[in-house]
There are 4 protein chains.
Amino acid sequence: MALRKREQYIDSLKNMRPNVYKFGRLIEDVTTHPATRRVVESHARGIDAAHDEKLSPVFTTVSSQTGDKIHRHTSLMTSPEEMILNSKLKRKMYHLTGSCTGALCVGWNGFNVMWSITKDMDQDLGTDYHARVKKWGLHYQEKGLLVVGALTDAKGDRSLKPHQQPDLDSNLRIVERTNDGLVIRGAKLMIAGTAASEEIFVLPGMGYREEDQAFALACVIPRDTEGLTIIEARRPSDGRDLEEGFDNPVETGTSQAYLLFDDVFVPKDRVFMAGEYKYTGELITRFTATYRACIGACVAGQGDIMVGAAALLARANGLSVKTFRDKLTVMELNNETTYAMGIGSIALGQKHPSGTWLADSLTAHGNKIHVATLPYETKRRAQEIGGGIVETGCMPSYEDFTSPEYGHLVQKYLKAGSVSAETRARLARLIEGLTIGGGVPGCMHGGGSPDGARMVVYGLSPLEEYGKYARNLAGIEEEIEEPSPKK
Amino acid sequence: MALRKREQYIDSLKNMRPNVYKFGRLIEDVTTHPATRRVVESHARGIDAAHDEKLSPVFTTVSSQTGDKIHRHTSLMTSPEEMILNSKLKRKMYHLTGSCTGALCVGWNGFNVMWSITKDMDQDLGTDYHARVKKWGLHYQEKGLLVVGALTDAKGDRSLKPHQQPDLDSNLRIVERTNDGLVIRGAKLMIAGTAASEEIFVLPGMGYREEDQAFALACVIPRDTEGLTIIEARRPSDGRDLEEGFDNPVETGTSQAYLLFDDVFVPKDRVFMAGEYKYTGELITRFTATYRACIGACVAGQGDIMVGAAALLARANGLSVKTFRDKLTVMELNNETTYAMGIGSIALGQKHPSGTWLADSLTAHGNKIHVATLPYETKRRAQEIGGGIVETGCMPSYEDFTSPEYGHLVQKYLKAGSVSAETRARLARLIEGLTIGGGVPGCMHGGGSPDGARMVVYGLSPLEEYGKYARNLAGIEEEIEEPSPKK
Amino acid sequence: MALRKREQYIDSLKNMRPNVYKFGRLIEDVTTHPATRRVVESHARGIDAAHDEKLSPVFTTVSSQTGDKIHRHTSLMTSPEEMILNSKLKRKMYHLTGSCTGALCVGWNGFNVMWSITKDMDQDLGTDYHARVKKWGLHYQEKGLLVVGALTDAKGDRSLKPHQQPDLDSNLRIVERTNDGLVIRGAKLMIAGTAASEEIFVLPGMGYREEDQAFALACVIPRDTEGLTIIEARRPSDGRDLEEGFDNPVETGTSQAYLLFDDVFVPKDRVFMAGEYKYTGELITRFTATYRACIGACVAGQGDIMVGAAALLARANGLSVKTFRDKLTVMELNNETTYAMGIGSIALGQKHPSGTWLADSLTAHGNKIHVATLPYETKRRAQEIGGGIVETGCMPSYEDFTSPEYGHLVQKYLKAGSVSAETRARLARLIEGLTIGGGVPGCMHGGGSPDGARMVVYGLSPLEEYGKYARNLAGIEEEIEEPSPKK
Amino acid sequence: MALRKREQYIDSLKNMRPNVYKFGRLIEDVTTHPATRRVVESHARGIDAAHDEKLSPVFTTVSSQTGDKIHRHTSLMTSPEEMILNSKLKRKMYHLTGSCTGALCVGWNGFNVMWSITKDMDQDLGTDYHARVKKWGLHYQEKGLLVVGALTDAKGDRSLKPHQQPDLDSNLRIVERTNDGLVIRGAKLMIAGTAASEEIFVLPGMGYREEDQAFALACVIPRDTEGLTIIEARRPSDGRDLEEGFDNPVETGTSQAYLLFDDVFVPKDRVFMAGEYKYTGELITRFTATYRACIGACVAGQGDIMVGAAALLARANGLSVKTFRDKLTVMELNNETTYAMGIGSIALGQKHPSGTWLADSLTAHGNKIHVATLPYETKRRAQEIGGGIVETGCMPSYEDFTSPEYGHLVQKYLKAGSVSAETRARLARLIEGLTIGGGVPGCMHGGGSPDGARMVVYGLSPLEEYGKYARNLAGIEEEIEEPSPKK
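Within any chain, residue numbers begin from 1 and follow the written order of that chain's sequence. Lettering of chains starts at A and numbering of ligands starts at 1, both following the order in which they are written. Totals for whole chains, interfaces and linings use every residue, but because this is a predicted model, local features are given only for residues with pLDDT of at least 70 and side-chain atom pairs only at 80 or more, for both listing and counting. As a convention, hydrogens and water are excluded, and side-chain values are obtained from all of the structure's heavy atoms.

Draft legend 1. The arrangement of the overall build of chain A in detail. Along chain A, the regular secondary structure elements total 16 helices and 14 strands. Its C-alpha radius of gyration of 24 Å places chain A within 12% of the 23 Å reference for a compact globule of 487 residues. In terms of overall dimensions, chain A has C-alpha extents of about 75 × 70 × 50 Å along its principal axes. The buried label applies to any residue whose accessible area, calculated with a 1.4 Å probe on protein chains only, is under 20% of its type's maximum; exposed applies above 50%, and partly exposed to all values in between. Counting all 487 residues of chain A, 69% fall into the buried class. Should any heavy atoms of two residues lie within 4.5 Å, those residues are counted as being in contact. In chain A, once contacts between residues fewer than 6 apart in sequence are set aside, the share between residues at least 24 apart is 77%. Residue-level accessible areas treat just the shown protein chains as cover; the underlying method is Shrake-Rupley with a 1.4 Å probe. With the model as given, the accessible surface of chain A reaches about 15,600 Å², and the carbon-plus-sulfur share is 50%. By the counting rule applied here, Lys and Arg register as positive and Asp and Glu as negative, while His and the ends of each chain are not counted. We put the charge of a Lys on NZ, of an Arg on CZ, of an Asp on CG and of a Glu on CD. Computed over 58 positive and 62 negative side-chain charges, the inter-centroid distance for chain A is 4 Å. Only runs of H or I of at least four residues qualify as helices and only runs of E of at least two qualify as strands under DSSP, and these elements are numbered from the N terminus. Values of the radius of gyration come from C-alpha atoms, whereas the globule rule sets the reference at 2.2 Å times the count of residues to the power 0.38.

In structure tokens:
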């Protein structure tokens, strides 16, 4: 089948059962409703890109299973080069949309991770999961489906394990096993891109032990499956999405949703893990390594937009960008750091026997720490370059800008350099959205917290070995051990 | 007259001519309109505090002119102790309101600065400005008026001087001088607290040279004076102010306004500078020294709230605050740094012959640089402690929280530790507002840019003297001069 | 008695019993031996300054006890202004010497702290310690003695309390009490300025509990008292002190010593605490508050030298200092931060009933954290401005510089801008010494570790109160408590 | 020929003409003289490693020219994998030696760079340089020679171009061309590893224009060639190299030298560039890209040692390393950042038609900025963990430690946890050397300054393209140009 086009994607969304809500009301058509059309537009641009001559080397590839030309986001990544192209695609998507496109990202990662994990499970346990993943993969690639990934559970009390929670539904769980499949209940929260997706790749939110095996669950479901209710979360300034005018100047957008599973049935051939808790740790390890290697490209792309927008606003204020060369250089360095360190994690990775490439955990988690901090530095500098007008988005609203009574005065005083008042206002609103409007989710806690990443960095660094080097250098023969606990 | 109470203040606002607009519409009563009532509430709490037994030592003092008990925010600051109390009042106001209360701040500073500047002018030029300030001061103290300060001009092209601007109105200017006063035209932008104010202290936005003397202007005007149109700027998420429920959980608030001066008349006895450009540099120097010394207390107070809110949300997530001791300590250090360095600037200051205390410029501007950076670090950590729920405010809206259809599920999954879902949601919304909702203006560019502060730090540091010390230490007798320009 | 002059101080040192060792050998005369003459010179400059017309307002004052003119470093500090002058003296001493002058600093602080602590003890316990301090103070002021302070014990195993140590001498302790005084044994380590001192103010190294009362000890002893052996520690590059030429280009210097107490007798009237463990915590609190408030001035003064030296070396390389304006500004900001935040701590302090001023603990400890970090940033920038020549001190030695065989070539290639090769080399050696030669001790761990300071900042910040503010703002009535421990 | 062994290398050095000086004196045998034997030992360990079964995959490879097994440091790097192994070798060398081994690094890079540059030159100009490089390469690989690279010129006045310098020798230059070769004069400064090297790869220090073609020079010379005088620069604490005992506890070492070229003759077949100034810019670009990609591994390896040493000293102080987990994690993150970002630069590189791999410039220069800053952070934390004992190396000297008179007391008080006083002292001296003893050169300015790297990052980032993305997102059609200069 030929690569899908935007129109087919939009039609596919229109044909789905409406189960997305926001502000207390059902959204009949996610492709046109003001609260969701922007996130759909973002994803549609990713589909467009596959048909763009210049971009298609990044956005398309050949299926390692069928040899067909497919959208890259549905591919298996079998080499560092292919995984690096995941990063390149992510950075470019930000250039095209300025937003997170979760349905081009997490499902892809889930497919790759479950490819290798099911291979391991089948080998050890004699299960048939890998064939199911393979089969679903053909459907995924053929249709070029947009698939979000759902990991984060509601969690409940953070100091208790899943099976200890007063409400067991705090983590998504298997409530019934039938001959044909599973019934699951619970919630997955803050799932990016859901409104724009067609399917949902469900993965466990953490590594589990035996007593938590009901939570060791991986599967794929249609986004509009029975029993699933989706609530789009609100974001800062999301009221502007519903308004006229350019107070949100951007046609694209991000969204995050709460997925409420009210006894959802999942047929057998879409279940890739159902209780095999021993594999959840490794599943999370592989998932996060790739995710945290590649997310550096997301924040780099987002940062590129901030560099560009800040430079243009400086000009719109009447100043040369050279005035801000030092600040722009720091911003650029931040972007290249998360990008290139992620690339480094990929290059330091290894091939799994099932054929897929696995990024290096230690450096990928290290990169996550930067992803959770450097963009904040970049944002601060964008505000500093932009001036007071972007620091708090401090400008009259679009309705005041166009007021018949005094709009001409607002515009008169908003004009700064040689460009129009509207251009200056649009740039300021863009930077406002990028820096304080919460336009982009997931830098800090998305895919796990930075403190979790710090634990991995500490845990994977061979402290004792480094100590041995130090002893050798200093000419010390004595062993130096951890002090024993004192009374 | 006895210290004014909240009711009298509210009545005073109600009796003013409506000239404040937002979203294209006139606000008839700023004390009740949802777009402005919060900022009025913030200021009212400052008035309440003067009547609170525990807080009155900070919030009241005795007039150095009349000996009457007055609200501290109308006082002359004649000693370091009194200026330190300005800082203490600011930090406490954030504790009480979480917001910027510009009408308790900038007018106060303007009064003090013009007290000494007019003394200097009168002495040099034989003018009678000081008596006018004195007279207005009595009125100010007696009524306990809330007075914002307006410095920031529209500015136009940042690379041109005021008299070079294609539109001369880009900086507020004297367009006519009459026997009775002045007519002024232009705009002052991003003026914090305007809707809650009764008068406006107008000051020049920068130091001027001779060709720009039409802009060398200081005066005080009633907020509802003829010809003045006020547009409240929009802030991130300000649509929520107009909504039901707790998506903005806070009853207080901040606002910033555009002031459009369409040939406003200012009577003579309210004019404190009209063309004496030579004094504008010193005026700005004195204004910014105090402002930047004391603003460290504002961001400290704001940071205290973040410390408190982050700690509570950690608990609401089921975790002990001890888990985050390192992060909380950094936040606390940031708060104490801007606070104590500002106090240091005050202690290093000196007394002006007119009786008022002047803070030390070098260290006050140094403090401004921290004020423009450290709070960003504090905010980032508040988000890190709070978790994904606050990073992007990623939760369903109040309407979804209370939906008859699925609200019970939203609440079920929002509950984490032992507190209610609503408490957890309110805390998350509070931190969202403090960290990405742009709840607080003016940290970075308010009162001037950090780059401006850097120039002052560099300019006031005695580089050549430090070089001499180094030469002496290194035993170098040779002079070491700036290299002469090469061909 | 008139203020002492340099000659009298040098004579006093010469007349002391030789008990200072370095490199395994006894130093007969600390004022001329190359290993100690530099630290003596540094202190002598502090004495000179008291006789310098311009500097005497900082370096002298009037005794609050006798009304005599005294060197400031022997005074009681009874107001914030007087304590601020402690800071000013410290910053100036660095300008004059580039080095730590411990004998002008810690004894002074010890005298002030014991003034108030003994007052409290006497009041509670009926002891007569305060009169002893008073008496010693008169002797101290009259002679203008240079007195170091000795707090840091050898400590032994950091995970054990003093009375639990396998070797009880790990902390200096009372081994015998006689009618006339005490016999003490143990060691105090890393005591700055000892070789240049005449007396030693011994203070407990931490707060003690009952079982450690043998360590609760404060007294003053002559530096050359019987039983005391002093070993000057080595510092990076200290071999150069013994060489000819300018590889150490500086005539002044710092030193730190190990003091070995081999049953030293202390007569009664010089004992200010002997077992009253309950007062040690407060003693340390008061000591560190002042110390950490004022040490910000030390690192500021040291940083000023780095600013000056880096600027001169830029010129000596042929470049304008303007090339490095941004970096110099950061250095200057770092200097002003520790200085002004310390001043702020002083201004936020309070008067003790005994008459002395106490700095504010919370902000003083906060300042210590900056003192342990910002100077490293300043040093890095000094190296960056200076270029490769200072990064690792990478230049031929003085003997190569003056080699008859090839010295002319070394000089030919060392010459850069318009100054001589020797001037450039001296500047590079100065910066080497300031940044990697370890020229200055005590920024990080001196007077206690930064982690200790962090604990104080966390402990003194009213977390629950801040939480209450947050709750009030967010409209939360429910209490939010620490989660109870889970099974 | 089989891979050379340590003994052969030592013999080779012994057989060279003595032309290395330090402290004004000729060093007869660099392999035994205390000032140079340590740097020779470091390099010898690199030769040993090729014969170590576990390390040989990193330290050896097969020549792409001859198919022979060679030491990796003489290889052409023809793929990202091979260049990544350059990084791995560097990090491992630090583990083995704790020091910079320049003769295993820069010559290797020079060989690779000149391989591709001469290919380009020959193709454009019809020269025969490539064959010369090839021929020399065979000799290099066969012998496994240790070759330093010499780029940094004396430079003279930094504000003048080479041909404008008052002394033309300020940059190494061709003073005569003969039929057989060239005569060169000038100096190369701060060349790491020279005393341990057998040959010197001379490269231009910057990109040149036409008027500076006499400086456009690349060649290889024997280290003991006639007319070349080498002065080993002094480093902090290098006097200890000449002492007995463990005040320098390390048997390995780093050195940097001044190379004085007094009309050195270079035969034709060792000249790889002689005046072709147009290629110097590209030469520097390729050199620095590889250098700055791989140097991240050097500082990572150095940081690993600091992690290990700090952890051991914590234990030796009686504390668990867990006490310092946060600090150790930051140190580890710093190490992994420069390492993995460098790996990323390699992976983002491209193949040159001549067969060698070129790293990506933008990210490699970005990495250099981190290399110039992060290690300082790591060092600071090593000092913080180690405690006062390492902050300034504040301990008695070895001679005091072993004094018959009081050495037992020094040792008594140096003992802390369960290890011996000597072990604790050795660890403290190791960290002293790593953090303030200047043990390792070249992090900041080595291979060019961080400001130079910043210029590259700014220059290579496509600012206008980023601006276009921002405009597209914000819906702006208007062009936004740099403001034209104002009168």
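Draft legend 2. Fine view of helix 13 (residues 407–414) of chain C. The complete set of buried residues in helix 13 of chain C reads Gly407(C), Leu409(C), Val410(C), Tyr413(C) and Leu414(C). Relative to the axis of helix 13 of chain C, the buried residues are bounded by an arc of 165 degrees and lie together on one face. Along its buried surface, helix 13 of chain C packs onto helix 11 (388–391), helix 12 (398–401) and helix 14 (421–435) of chain C together with strand 7 (181–192), strand 10 (228–232) and strand 11 (256–267) of chain D. By arc we mean the arc of the directions from the helix axis to the C-beta atoms, nothing more.

Draft legend 3. Spotlight on the relation of the copies chain B and chain A. Structural alignment of chain B on chain A gives an RMSD of 0.0 Å, achieved by rotating through 180 degrees and translating 0.0 Å along the axis. Viewed as a symmetry operation, the transformation between the two copies matches a two-fold axis. For chain B, the residue whose C-alpha comes nearest the rotation axis is Ser237(B), separated from it by 2.0 Å. Of the interface residues in chain B, 98% have counterparts in chain A that sit at the interface too, so the contact is made through matching surfaces. Least-squares superposition of the copies uses the C-alpha atoms of those residues scoring a pLDDT of at least 70 in each of them.

Draft legend 4. Looking closely at the pairing of strand 10 (residues 228–232) of chain C. All names here are of chain C. Burial within strand 10 is extensive, with four of its five residues counted as buried. Here, strands pair whenever DSSP counts at least two bridges between them. As defined by bridge partners, strand 1 (residues 20–22) adjoins strand 10 across two bridges and the pair is classed as parallel. When the sheet's bridge partners are listed, Val20 is paired in strand 10 with Ile230. By the bridge criterion, five bridges tie strand 10 to strand 11 (residues 256–267) in an arrangement that is antiparallel. By the bridge assignment, Glu232 is partnered in strand 11 with Ala257.

Draft legend 5. Broad picture of the interface of chain B and chain C. Contact residues are listed per partner, giving 77 residues for chain B and 77 residues for chain C. Taking both sides of the interface into account, the surface hidden between chain B and chain C amounts to around 6,100 Å²; carbon and sulfur atoms contribute 68%. Defined here as a combined quantity, buried area equals the accessible surface (1.4 Å probe) lost by two parts on assembly, summed across both. Area buried by chain B at its contact with chain C is led by Arg315(B), Tyr458(B) and Leu473(B), which between them contribute 13% of it. Whenever a carboxyl oxygen of Asp or Glu lies within 4 Å of a side-chain nitrogen of Lys or Arg, that contact is scored as a salt bridge. Linking chain B with chain C are four salt bridges, by the criterion used here. Arg315(C) serves as the salt-bridge partner of Glu482(B), at 2.8 Å between the closest nitrogen and oxygen. Distance and chemistry together define a polar contact, namely a pair of N or O atoms within 3.5 Å, with one atom able to donate a hydrogen and the other to accept it when in protein, and with adjacent residues in sequence counting only for side-chain atoms on both sides. Across the contact surface, chain B and chain C share 26 residue pairs in polar contact (both at pLDDT 80 or more). Mapped onto the side of chain B that touches chain C, the elements with two or more residues apiece are helix 4 (80–97), helix 7 (280–316), helix 8 (325–347), helix 9 (361–371), helix 14 (421–435), helix 15 (450–460) and helix 16 (463–474) of chain B. Counting residues per element, the side of chain B that touches chain C draws most heavily on helix 8 of chain B, which supplies 13 residues. Residues belonging to the side of chain B that touches chain C are distributed by class as follows: 38 nonpolar, 19 polar and 20 charged. Each residue is assigned to one of three groups, with Ala, Val, Leu, Ile, Met, Phe, Trp, Tyr, Cys and Pro labelled nonpolar, Asp, Glu, Lys and Arg labelled charged, and all others, Gly among them, labelled polar.

Draft legend 6. A look at unusual backbone geometry. All names here are of chain A. Although it is not a glycine, Lys155 adopts a positive phi angle of roughly 75 degrees. Mapped onto the secondary structure, Lys155 falls in the loop between strand 5 (147–150) and strand 6 (173–177). Accessibility expressed as a relative area gives 33% for Lys155, which makes it partly exposed. Of note, the phi angle at Met190 is positive, near 60 degrees, even though the residue is not glycine. For Met190, the position within the fold is in strand 7 (residues 181–192).

Draft legend 7. Up close: the packing of aromatic side chains. Only Phe, Tyr and Trp rings are paired, with Trp represented by its six-membered ring, and only when their centres lie within 6.5 Å; those with planes under 30 degrees apart are stacked, over 60 edge-to-face, the remainder tilted. Per the stated rule, a full pass over the model turns up 48 aromatic pairs over all chains. Here Phe246(B) and Phe401(B) contribute two aromatic rings whose centre-to-centre distance is 5.2 Å and whose plane-to-plane angle is 80 degrees, an arrangement assigned as edge-to-face. Pair noted here: Phe246(B) is in the loop between strand 10 (228–232) and strand 11 (256–267) and Phe401(B) is in helix 12 (residues 398–401), with a separation of 155 residues, a long-range link. Accessibility expressed as a relative area gives 4% for Phe401(B), which makes it buried. Pairing Phe287(C) with Tyr291(C) gives two aromatic rings, centres 5.6 Å apart and planes at 15 degrees, and the pair type is stacked. Taken together, the residues span about one helical turn, with Phe287(C) and Tyr291(C) both in helix 7 (residues 280–316) at a distance of four residues.

Draft legend 8. Highlighting the pattern of salt bridges. Residue and element names in this part refer to chain C. Counted according to the given criterion, the structure contains 160 salt bridges over all chains. One salt bridge in this structure joins Arg38 and Asp241, with 3.8 Å as the shortest N-O distance. Here Arg38, found in helix 2 (residues 37–49), pairs with Asp241, found in the loop between strand 10 and strand 11; they are 203 residues apart in sequence, far enough to count as distant. Judged by its relative accessible area of 7%, Arg38 is buried. Overall, the relative accessible area of 7% leaves Asp241 in the buried class. Residue Arg381 is joined to Glu377 by a salt bridge in which the shortest nitrogen-to-oxygen separation is 3.2 Å. Of this pair, Arg381 and Glu377 both sit in helix 10 (residues 374–386), four residues apart, roughly one helical turn. Judged on exposure class, the residue Arg381 and its partner Glu377 are both buried.

Draft legend 9. Structural context of the environment of Asp122(D). Residue and element names in this part refer to chain D. Topologically, Asp122 is positioned in helix 5 (residues 106–125). Judged by its relative accessible area of 16%, Asp122 is buried. Between the alpha carbons of Asp122 and Leu328 there is a distance of 51 Å; along the sequence they are 206 residues apart. Among all residues touching Asp122, those that are not within four sequence positions of it are Thr127, Asp128, Tyr129, His130 and Ala131. From its side chain, Asp122 meets the backbone nitrogen of His130 in a polar contact 2.8 Å long.

Draft legend 10. Highlighting the packing of helix 5 of chain D against helix 6 (residues 129–143) of chain D. Residues and elements named next belong to chain D. With axes taken as lines fitted to C-alpha atoms, and helix axes fitted only over the stretch in contact, angles between N-to-C directions fall between 0 and 180 degrees. Look at helix 5 against helix 6: their axes get within 8 Å of each other, and the N-to-C directions meet at 155 degrees. Between helix 5 and helix 6, the crossing angle belongs to the class labelled roughly antiparallel. In the packing of helix 5 onto helix 6, the handedness of the crossing is left-handed. Note on element contacts: helix 6 touches helix 5 through Tyr129, His130, Ala131, Val133, Lys134, Trp136, Gly137, Tyr140 and Gln141, opposite Gly107, Trp108, Phe111, Met114, Trp115, Thr118, Lys119, Met121 and Asp122. A per-class count over the contact of helix 5 with helix 6 returns 10 nonpolar, five polar and three charged. In what follows, roughly perpendicular refers to angles from 65 to 115 degrees, roughly parallel to angles under 35, roughly antiparallel to angles over 145, and oblique to any angle outside these ranges. Each crossing gets its hand from how the near helix is turned against the far one by less than a right angle, where anticlockwise is left-handed and clockwise is right-handed.

Draft legend 11. Layout of the interface of chain B and chain A. Residue-level contacts link 80 residues of chain B with 78 residues of chain A. Where chain B abuts chain A, roughly 6,300 Å² becomes buried across the two surfaces, and 55% of that area is made up of carbon and sulfur atoms. On the surface where chain B and chain A come into contact, there are 12 salt bridges. Lys412(B) serves as the salt-bridge partner of Asp167(A), at 2.9 Å between the closest nitrogen and oxygen. Across the contact surface, chain B and chain A share 41 residue pairs in polar contact (both at pLDDT 80 or more). Across the side of chain B that touches chain A, the residue classes break down as 31 nonpolar, 22 polar and 27 charged.

Draft legend 12. Expanded view of the sheet that holds strand 9 (residues 217–222) of chain B. Residues and elements named next belong to chain B. Read from one edge of the open sheet, four strands run 5-8-9-12, paired in mixed fashion. Either end of the sheet is taken by a strand with one partner, and the two such strands are strand 5 (147–150) and strand 12 (271–274). Between one strand axis and the next, the sheet turns through 20 degrees on average, direction left out of account. With four bridges connecting them, strand 5 and strand 8 (residues 199–202) associate as parallel partners. By the bridge assignment, Gly149 is partnered in strand 8 with Phe201. Most of the contacts of helix 6 (residues 129–143) go to strand 12, to which it runs at about 145 degrees, and overall it touches strand 5, strand 8, strand 9 and strand 12.

Read these as spatial facts, not as claims about activity.
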